[in-house]
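Commentary on secondary and tertiary structure
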Amino acid sequence: MNQFRHQTLRIAYLRDQRRWSFARIAKAMDMQIYAVRSRYHRHKIQEEKAEAAVLVGQDARRMCLMCRKDFDSQWPGERICKSCKMKPAYRSGSDFDTPAVWGR
Ligand SMILES: [Zn+2]
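All of the points below concern the structure found in this document. Since the structure is predicted, the reported quantities are computational estimates derived from the model, not experimental observations. (Residues numbered from 1 in each chain as written. Predicted model: local features only at pLDDT ≥ 70, side-chain atom pairs only at ≥ 80, totals over all residues.)

To continue, consider the overall build of the protein chain. Assigned secondary structure in the protein chain consists of five helices and two strands. Starting at the N terminus and ending at the C terminus, the protein chain contains elements arranged as α-α-α-β-β-α-α. Per-residue burial for the protein chain yields a buried fraction of 6% across its 104 residues. Residue pairs at least 24 apart in sequence account for 17% of intrachain contacts in the protein chain once pairs closer than 6 positions are excluded. (Helix = DSSP H or I, 4+ residues; strand = E, 2+ residues; numbered from the N terminus. Buried ≥ 20, exposed ≤ 12 C-beta atoms within 10 Å, placed from the backbone. Contact = placed C-beta atoms within 7 Å.)

It is worth spelling out the environment of Lys 49 at this point. Here Lys 49 shows up in helix H3 (residues 33-56). By the C-beta count within 10 Å, which is 11 here, Lys 49 ends up exposed. On a C-alpha basis, the gap between Lys 49 and Ala 60 in space is 9.9 Å, while along the polypeptide they are eleven residues apart.

With that settled, consider the environment of Ile 11. Position of Ile 11 among the secondary structure elements: in helix H1 (residues 3-16). Owing to 23 C-beta atoms within 10 Å, Ile 11 belongs among the buried residues under this scheme. For the pair Ile 11 and Val 36, spaced 25 residues apart in sequence, the C-alpha separation works out to 7.1 Å. Discounting chain neighbours no more than four positions away, the residues touching Ile 11 are Ile 25, Val 36, Arg 39 and Tyr 40.

Our focus in this paragraph is the environment of Phe 22. Here Phe 22 is to be found in helix H2 (residues 22-29). Expressed as a C-alpha distance, the spacing of Phe 22 and Tyr 40, which sit 18 residues apart in the sequence, is 9.1 Å. With residues up to four places along the chain from it excluded, the contact list for Phe 22 reads Ile 33, Val 36 and Arg 37.

What is shown is where atoms sit, not what they do.
Have a look at this one:
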């Protein structure tokens, strides 16, 4: 986790869980109040977006069925990442390492 994200999560924690004021957080973290406030709100917006995406089932992080890596899925049915779609195995219609004579 990088420094920026760590700081943002700490702001969100102090605000949501501990009910600190922005002024108190700003003082504790040696930051400007406006910076704390804008960072917090940006974090909230991203959180809401992520929750909305889960509800709709769109634009979500999904695990690719082929390489098992996380990728940004654009629509509910998308289960294969872009790089795997470029692979010959996918293009030939086979998800497995079957002999080339099959499925052609
Ligand atoms: Zn993949």
